[in-house]
Amino acid sequence: MSRFPDVPREAVIKEDLLRGGLAFDDSALSDPEGGDVKPKSYFIFSFDHRTLPELGTAALRRPPEEIVLTGGPYDLRRTVVSVRTNPDSPYRVGTDDDGRMRLHLDGRPIADVGLPPMPNYYRHTLANGKSVMEVAPTIQWGYLIYLTVFRVCQYFGAKEECQYCDINHNWRQHKAAGRPYTGVKPVDEILEALAIIDKHDVEKTSTAYTLTGGSVTSHVGGKTEADFYGQYAQAIEERFPGRWIGKVVAQALPRADVQRFKDYGIQIYHPNYEVWDKRLFELYCPGKERYVGREEWHRRILDSAEVFGPRNVIPNFVAGVEMAAPDGFTTVDAAIDSTAEGLQYFMSRGITPRFTTWCPEPTTPLGKANPQGAPLEYHVRLLQTYRAIMEANGLTSPPGYGPPGPGRAVFSVSSFMDSLPATTP
Ligand code: SF4
């Protein structure tokens, strides 16, 4: 914090929690159903530093989806942090003698902790008994409905899966634990769950939905990737026109496919480029390299900006994997330089990428080799660099992420929104 006084303190703590995880005393865990606290839904990846069997009580009685930090010795403004469980983290959430829940670092309290209330719509089930949390969980303090409609990826095995991704493992571990975990979510179930949310979210906190899941290299239910994800977009927008900001996270698809998303009513397209460096993309994303290729991927991102408008194309990258051993950059300077080059490439064309903070999940090749993730200095300098390049290109925070600024942001899986100026989006 003292080395980087221009980066909000809230963002520094949040990045450290996201990259290294946090532990929970049993008193801070909730019951999966029927409790007062919104539980972690495992909405796509595990985002944990241990497998479910290794998490013990934290797997049976779930941790919350997110926590909100305030006050404490750093006088933190309201900061929403996605929960990534790590029993060995120096950060621990527990209830103090005065009955208040706090975040401790090496045993020292550093912030008050608020837990997300169980939303009303989570208390209802679909006609077939499935929970809304399983079919249409919400994250970002209720702002975003996260629709992982395809819970596995057709890039499968060491030669195809992205080296930081545990989507397929997460599916296997939930199945093995006997948890409900639908591989392909039927369109009707999605519509039914959304109707429950629409009815009970009377304050209209839910503002956007994301359609996503694994890549489709052949077919799912006889449909190609664009047809498969497009059918949900079409059905949602026909049933609830304009109720939410529709987003799709899919591969960088050919222009005609992207146009179909737009025609169905999708407003924001996320063709994630994952990591900028050419050599690392080839090593870390072998499936994407083989089926599409980095240059073509980037070309399609630029094409999609002509369909959606550059503001509405928001490709993600996984911040931190650039520094993963054994192939990543060995200095923070080199990693930041490379990532800055990618940011400038897109931002100079009006496209605003965004990033999630890498969680080194233990069943992925990169997580296994780098259980500590990337250094905090990298993450803090990335926040500085991201903001500087955004401002140099005359851009502001991307649409569909809620308000920017410390104390206001709700985006929970990186602190890029917490570290931008507090302007109206
Ligand atoms: S394309 Fe890569 S990051 Fe995306 S789900 Fe498949 S393996 Fe994971």
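Because the structure is a prediction, the values reported are computed rather than measured.

## With respect to the overall build of the protein chain
A tally of helices and strands in the protein chain yields 14 helices and 13 strands. Compactness check: the protein chain gives a C-alpha radius of gyration of 20 Å against a globular reference of 22 Å for 425 residues, within 12% of the reference. Each principal axis of the C-alpha atoms in the protein chain carries an extent, and together these give about 60 × 55 × 45 Å. Partitioning the intrachain contacts of the protein chain with sequence separation of at least 6 by distance along the chain shows that 73% fall at a separation of at least 24.

## Notes on the pairing of strand E2 (residues 66-71)
Where E2 and strand E3 (residues 76-82) come together, 5 bridges link them in antiparallel fashion. Considered in E3, the bridge of Ile67 is made with Val81. Following E2, the chain reverses through 4 residues before pairing antiparallel with E3; Gly72 in that reversal takes a positive phi of roughly 75 degrees.

## Details of unusual backbone geometry
Omega for the peptide link from Ala325 to Pro326 comes to 5 degrees, which places this bond in the cis form. Within the secondary structure layout, Pro326 lies in the loop between strand E12 (316-319) and helix H12 (332-347). A positive phi is found at Phe47, a non-glycine position, where the angle reads about 50 degrees. Assessed through the 21 C-beta atoms surrounding it within 10 Å, Phe47 is described here as buried. In the Ramachandran plot, Asp106 falls in the positive-phi region, its phi being about 50 degrees despite a non-glycine side chain. Within the secondary structure, Asp106 is located in the loop between strand E5 (101-105) and strand E6 (108-114).

## Overview of the packing of helix H6 (residues 187-200) against helix H7 (residues 225-239)
With their axes 10 Å apart at the nearest point, H6 and H7 run at an angle of 35 degrees to one another. The element H6 and its partner H7 pack so that their crossing is right-handed. When H6 is examined against H7, the residues Val187, Ile190, Leu191 and Leu194 are found in contact with a partner set consisting of Gln231, Tyr232, Ala235, Ile236 and Arg239. Of the residues that constitute the contact of H6 with H7, the class distribution is 7 nonpolar, 1 polar and 1 charged.

## Section: the packing of helix H1 (residues 9-20) against helix H14 (residues 376-392)
With their axes 10 Å apart at the nearest point, H1 and H14 run at an angle of 130 degrees to one another. Looking at the two axes, H1 sits oblique to H14. The interaxial crossing formed by H1 with H14 has right-handed handedness. Contact residues: Ala11, Val12, Glu15, Asp16 and Arg19 in H1; Leu376, His379, Val380 and Leu383 in H14.

## Section: the domain arrangement of the protein chain
According to the domain assignment, the protein chain contains domain 1 (9-114) and domain 2 (120-392). Centre-to-centre, using C-alpha coordinates, domain 1 lies 23 Å away from domain 2. Facing 25 residues of domain 1, the contacting portion of domain 2 comprises 30 residues. Looking at the side of domain 1 that touches domain 2 element by element, the count peaks at 7 residues for H1. Its residues placed into classes, the side of domain 1 that touches domain 2 shows 10 nonpolar, 5 polar and 10 charged.

## Some points on the sheet that holds strand E10 (residues 245-249)
Judged by pairing direction, the sheet is mixed, and its 5 strands sit side by side in the order E7-E8-E9-E10-E11 without closing on themselves. Each of the sheet's edge strands pairs with one partner strand only, and the pair in question is strand E7 (138-139) and strand E11 (268-270). Bridge analysis of E10 against E11 gives 3 bridges, and the strand direction is parallel. The residue bridging Lys247 from the neighbouring strand is Ile268, located in E11.

## Describing the pairing of strand E4 (residues 91-95)
Judged from the 2 bridges that link them, strand E1 (residues 23-24) and E4 form a sheet pairing that is parallel. Opposite Phe24, over in E4, you have Val93 as the bridge partner. Pairing of E4 with E5, which is carried by 5 bridges, proceeds in the antiparallel orientation. If you follow Gly94 over to E5, its bridge partner there is Arg102. Hairpin geometry of E4 and E5 is characterised by an intervening segment of 5 residues between the two adjacent antiparallel strands and by a positive phi of about 85 degrees at Gly99.

## Overview of the environment of Ala340
Along the chain, the position of Ala340 falls in helix H12. Put simply, Ala340 and Pro53 are 287 residues apart on the chain and 39 Å apart in space, counted from C-alpha to C-alpha. Those residues in contact with Ala340 that sit more than four places away from it in its chain are Thr385 and Ile389.

## Re H1
Given a rise of 1.5 Å per residue, 12 residues ought to cover 16 Å, and the 17 Å separating the end C-alpha atoms of H1 matches this to within 8%. A large share of H1 lies buried, amounting to 11 of its 12 residues. Looking at H1, one finds that the buried residues are Glu10, Ala11, Val12, Ile13, Lys14, Glu15, Asp16, Leu17, Leu18, Arg19 and Gly20. Check the buried side of H1 and you find it contacts E2, E3, E4, strand E13 (354-357) and H14.

## Observations regarding the nonpolar core
Across soluble globular proteins, nonpolar side chains have a tendency to be buried as a group. Of all hydrophobic cores here, the largest spans 117 residues; its most connected members are Ala136, Ala233 and Val248. Considering every element that reaches this core, the biggest residue donor is H14, with 7 residues. Taken together, domain 1 (9-114) and domain 2 (120-392) each give at least three residues to this core, which thus spans both. Residue contacts for Ala233: discarding those within four places in its chain leaves Leu211, Gly246, Val248, Phe261, Tyr264, Gly265 and Ile266.

Rules of the game
- Residues numbered from 1 in each chain as written.
- Predicted model: local features only at pLDDT ≥ 70, side-chain atom pairs only at ≥ 80, totals over all residues.
- Helix = DSSP H or I, 4+ residues; strand = E, 2+ residues; numbered from the N terminus.
- Rg over C-alpha atoms; globule rule 2.2 N^0.38 Å.
- Contact = placed C-beta atoms within 7 Å.
- Pairing = 2+ DSSP bridges.
- Buried ≥ 20, exposed ≤ 12 C-beta atoms within 10 Å, placed from the backbone.
- Axes fitted to C-alpha atoms, helices over the stretch in contact; angles between N-to-C directions.
- Left-handed = near helix turned anticlockwise from the far one by under 90°.
- Nonpolar A, V, L, I, M, F, W, Y, C, P; charged D, E, K, R; others polar.
- Parallel < 35°, antiparallel > 145°, perpendicular 65-115°, else oblique.
- Domains from an automatic or database assignment.
- Expected span 1.5 Å × (residues − 1).
- Core = buried A, V, L, I, M, F, W, Y, C linked by C-beta atoms within 7 Å.

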